[in-house]
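# Coordinates in review
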Amino acid sequence: MDDRNGWGRGRPVPAGSPHSPPEWFVEQANVTDSEIDEEFTENWPDCWERAADLLSWEEPYDTVLDDSSAPFYEWFTGGELNAAYNCLDRHLEAGRKTHAAIRWEGKHGEYETYTYRDLYVAVNEFAAALCDLGVEEDDVVTIYLPMIPELPIAMLACARIGAPHSVVFAGLSANALSTRMAAADSEYLITCDGYYRRGDAFNQKSKADNAKLSVEADVETVVVDRLGDELPHVLGENEWDYDGLREEFAGETVEPVSRDAEDMLFLMYTSGTTGEPKGVVHTTGGYLAHVAWTSRAVLDVEPDDTYWCAADIGWITGHSYIVYGPLALGTTTVMYEGTPDYPDRDRLWEIVDRNAVDVFYTAPTAIRAFMKWGEKYPARHDLSSLRLLGSVGEPISPRPWRWYHEHVGGGECPIVDTWWQTETGAVIVSTLPGIDEMKPGAAGPPLPGIDVAIVDENGAPVDPGETGYLTITRPWPGMIRTLYDGDDRYRSEYWERFSDPNAGEWRYFSGDTAAVDEDGYVTVLGRVDDVINVSGRRLSTMEIESAITDVDGIAESAVVGRASKPNGTEIYAYVSTEGRSNPGDGLRRAIVENVESAIGPIAKPHEVVFTPELPKTRSGKIMRRLLEDIANDEAVGDTSALRNPEIVGEIRAGREDDT
Ligand code: PRX
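Residues numbered from 1 in each chain as written. Predicted model: local features only at pLDDT ≥ 70, side-chain atom pairs only at ≥ 80, totals over all residues. Heavy atoms only, no water.

## With respect to the overall build of the protein
Check the secondary structure of the protein and you find 20 helices and 29 strands. Each principal axis of the C-alpha atoms in the protein carries an extent, and together these give about 75 × 60 × 60 Å. Within the protein, the proportion of its 659 residues that are buried is 61%. The long-range fraction of contacts in the protein, counting pairs at least 24 apart against all pairs at least 6 apart in sequence, stands at 71%. Element-wise, carbon and sulfur atoms account for 43% of the exposed surface of the protein, whose accessible area totals about 24,500 Å². Measuring between centres, the 56 positive side-chain charges of the protein sit 7 Å from its 117 negative side-chain charges. (Helix = DSSP H or I, 4+ residues; strand = E, 2+ residues; numbered from the N terminus. Buried < 20%, exposed > 50% of the residue type's maximum accessible area, 1.4 Å probe, protein only. Contact = heavy atoms within 4.5 Å. Areas by Shrake-Rupley, 256 points an atom, 1.4 Å probe, with all protein chains shown as cover. Lys, Arg positive; Asp, Glu negative; His and termini not counted. Charge placed at Lys NZ, Arg CZ, Asp CG, Glu CD.)

Given below as structure tokens:
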């Protein structure tokens with residue numbers, strides 16, 4: 001692993017003073033001390049049966065954990081189940097047909113409720129349509145939809161027929177879509193004409209059309225009409241209208257396919273340490289058990305709650321905690337199409353108020369924005385329905401933590417700061433809100449049944465307060481099973497660094513640095529690899545760099561993150577050109593545009609700094625750590641390993657000229 005960021009940018013800051021969960025919360029909490037007793041913690045891996053017990057199994061499993069081919073672990077082997085059955089049918093059978101499953105809040109203030117019965121009907125009809133289009137068990141179906149109800153409907157329809165879905169975030173580019181479709185050999189695509197972003201209509205279909213040009217297979221495509229007359233579209237060959245299909249298969253039902261616990265439920269592409277995105281494979285039994293258990297234990301979700309995770313289903317947070325976790329528990333999950341400040345900054349609080357949301361889960365980047373906008377927005381809405389708040393995606397420092405606690409949670413609601421990843425599938429580190437004290441700035445201890453160690457480069461645990469690498473020392477049910485692109489990459493990305501296979505010791509490396517305190521509370525500091533976390537989204541520096549060097553006239557580039565208050569991390573690109581002494585704004589614009597079209601607007605560099613050369617070691621490796629120091633206005637560390645130390649001063653001067 002390239003250790004270019006050293007120990008990560010941050011140093012552990014002392015967490016804020018602890019808060020105990022209020023008594024009223026503990027009294028009603030789903031999980032309290034009595035459930036997490038000694039028997040639970042000592043009884044590993046069988047303690048995870050409590051998670052599996054939250055599901056309905058068609059065929060009971062015979063083994064909780066099969067670790068005979070580590071690090072290719074298998075959970076609940078022999079068991080059979082269907083995820084869509086668990087999220088729909090069984091709630092109907094329990095007499096909850098008219099209970100709201102999804103409350104959808106549209107961009108323009110329109111809203112819709114799908115009861116469990118409505119969702120069941122929609123999923124069945126669409127599943128019948130998919131079968132008719134030729135989708136078979138184990139075919140990967142790519143879904144490229146924004147936050148509209150058809151997105152979870154399509155996911156559950158795939159799950160029902162045993163076709164793994166691969167959801168690509170709607171804001172990603174045509175190029176990103178085609179790479180992911182090709183990598184997954186996916187011949188089915190579900191997309192839409194377009195969607196609204198702030199006030200504007202965006203054309204999604206033209207991106208999908210472009211993507212399909214570079215996919216070899218004939219792709220059967222379903223198009224959802226979101227924009228109607230606002231953006232008329234024409235269906236081409238092998239393209240089908242979603243509503244037309246629903247009509248054609250109206251009233252049809254499809255038997256849920258019995259899936260082996262270890263059969264793939266979905267694929268999710270995420271950024272890795274190389275330019276190629278990684279296809280993370282999640283399976284049916286362990287994943288669903290883990291997301292259901294953490295929805296219940298960490299997010300304290302109850303079937304009669306209205307629960308809102310304000311994330312996008314295009315990323316793992318939305319998969320686990322908008323769709324699968326809450327629906328497996330039979331609760332009401334809110335889905336919001338828009339942005340927090342459109343049409344105004346009251347939007348989220350209006351939604352909490354109107355839906356009487358009980359549990360609200362969002363990201364620190366949003367919380368920092370709320371803090372910047374000011375307390376008047378949450379203050380003028382009735383947020384008294386809220387019982388618990390959650391945070392995910394980035395470290396939350398004590399100040400925004402306290403702001404969230406006071407101005408959204410009325411000084412009353414506990415907060416869970418949940419650390420996890422696309423690869424972990426579900427929450428790994430967090431306080432249990434009915435049991436543990438909260439420490440603002442520290443995520444918490446590993447969940448019961450999970451073992452985390454913060455270690456030095458030799459794998460030895462570091463002392464409390466010292467920074468180290470965040471590793472997970474025992475397998476867990478929601479874990480990644482492999483990478484779609486290959487078992488070797490899976491081993492080398494996650495297991496090689498800290499495992500000792502000869503001693504039978506396997507340790508998962510998260511790519512994060514962290515510190516642990518005397519009480520075992522983990523404070524996560526950031527990534528150690530070539531990944532930048534921008535607004536809780538993982539971007540690969542190499543993917544951005546390759547989009548930059550694609551531009552004519554660019555020789556080389558290096559991308560780093562700059563910690564910015566209050567915006568979180570921003571992307572800085574250092575670029576050397578092919579001989580031009582004064583590249584100018586035209587080239588700068590071309591770079592930004594190319595990154596946007598290659599990856600999407602979220603990856604656009606905040607600043608492009610031209611430099612005659614990049615700082616390199618004698619072996620020719622770019623010293624990104626120095627560039628990061630410069631971007632962060634910090635003293636530049638040791639430059640003695642550089643082949644061209646003089647360049648550091650030039651870059652710094654160049655940056656000052658530019659800003
Ligand atoms: O660096 C950690 C950060 O987000 C990374 C995982 O990103 P992704 O796979 O996109 O999943 C995001 C949603 C689970 C982690 O490696 N991260 C996530 N949650 C936290 C966090 N950093 C600090 N505190 C958190 N609570």
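## Notes on helix α19 (residues 624–631)
With respect to burial, α19 is a largely interior element, 7 of its 8 residues being buried. Taken together, the buried positions of α19 are occupied by R624, L626, L627, E628, D629, I630 and A631. Backbone geometry just downstream of α19 places D633 in the positive-phi region, at approximately 55°.

## Considering the pattern of salt bridges
Tallying each qualifying case throughout the model produces 34 salt bridges. A salt bridge links E262 to R481; its shortest N-O distance comes to 3.0 Å. Of the two residues, E262 sits in the loop between β13 (259–260) and β14 (264–270) while R481 sits in the loop between β22 (467–472) and α16 (487–495), which places them 219 residues apart along the sequence. Of the two residues examined, E262 and R481, each falls in the buried class. (Salt bridge = Lys/Arg side-chain N within 4 Å of Asp/Glu carboxyl O.)

## Notes on the nonpolar core
Side chains of a nonpolar character, in soluble globular proteins, are inclined to be buried together. Within the largest apolar cluster, 125 residues are counted, with the highest numbers of intra-cluster contacts made by F76, L119, F126, I143 and Y324. In terms of residue count, helix α5 (residues 116–133) provides more of this core than any other element does, 11 residues in total. With residues near it in sequence (within four places) discarded, Y324 still touches A83, C87, M155, L156, A159, H165, L265, F266, Y287, L288, V291 and H319. Within the second largest apolar cluster, 34 residues are counted, among which are Y144, F169, V551 and L587. (Core = buried A, V, L, I, M, F, W, Y, C linked by side-chain atoms within 4.5 Å.)

## Considering the packing of helix α4 (residues 83–93) against helix α11 (residues 316–329)
In a pair of packed helices, the angle between the axes and the distance between the axes together describe the arrangement. Closest axis-to-axis distance for the α4/α11 pair is 8 Å, and the angle between their directions is 40°. If you check the angle between α4 and α11, you find them oblique. The way α4 lies across α11 gives a crossing that is left-handed. On the side of α4, the interface is formed by A83, N86, C87, R90 and H91, while α11 contributes Y324, L327, A328 and L329. Looking at the contact of α4 with α11, its residues break down into 6 nonpolar, 2 polar and 1 charged. (Axes fitted to C-alpha atoms, helices over the stretch in contact; angles between N-to-C directions. Parallel < 35°, antiparallel > 145°, perpendicular 65-115°, else oblique. Left-handed = near helix turned anticlockwise from the far one by under 90°. Nonpolar A, V, L, I, M, F, W, Y, C, P; charged D, E, K, R; others polar.)

## Some details on the side chain of E125
Checked against the element boundaries, E125 lands in helix α5. Polar side-chain contacts of E125 include one of 2.6 Å to the side chain of R246. Discounting chain neighbours no more than four positions away, the residues touching E125 are R246, F249, A250, G251 and E252. (Polar contact = N/O pair within 3.5 Å; in protein donor to acceptor, adjacent residues only side chain to side chain.)

## Some remarks on the site of the ligand
Contacts to the ligand come from 17 residues, most closely from D417, T418, T422, R527 and R538. Between the ligand and G393 there is a distance of 3.1 Å, counted from a nitrogen atom to a backbone nitrogen or oxygen. Residue N533 places a side-chain N or O atom 3.3 Å away from an oxygen atom belonging to the ligand. Notes on the ligand: free accessible area 540 Å², of which the protein chains cover 96%. Elements represented by at least two residues in the shell around the ligand include exactly α11, β20 (415–418) and β24 (522–527). (Near = heavy atom within 4 Å.)

## Some points on the confidence of the model for the protein
For the protein, mean pLDDT is 91; residues scoring 70 or higher make up 95% of the total. Within the model, the stretch residues 1–11 combines pLDDT values under 50 with 37 contacts to residues more than four positions away or in other chains. For this predicted complex, the interface confidence score (ipTM) comes to 0.99, while the overall pTM stands at 0.89. (pLDDT = per-residue confidence, 0-100.)

## Notes on the sheet that holds strand β18 (residues 359–362)
Across the sheet, 7 strands lie side by side as β5-β4-β17-β16-β18-β19-β20; this open sheet has mixed pairing. If you trace the sheet from one side to the other, it starts and ends with β5 (111–115) and β20, each paired once. Each strand axis lies, on average, 20° off the axis of its neighbour in the sheet, ignoring direction. Pairing of strand β16 (residues 306–309) with strand β17 (residues 332–336) involves 3 bridges; the strand directions are parallel. Note that in β17 the partner of Y307 across the bridge is T333. (Pairing = 2+ DSSP bridges.)

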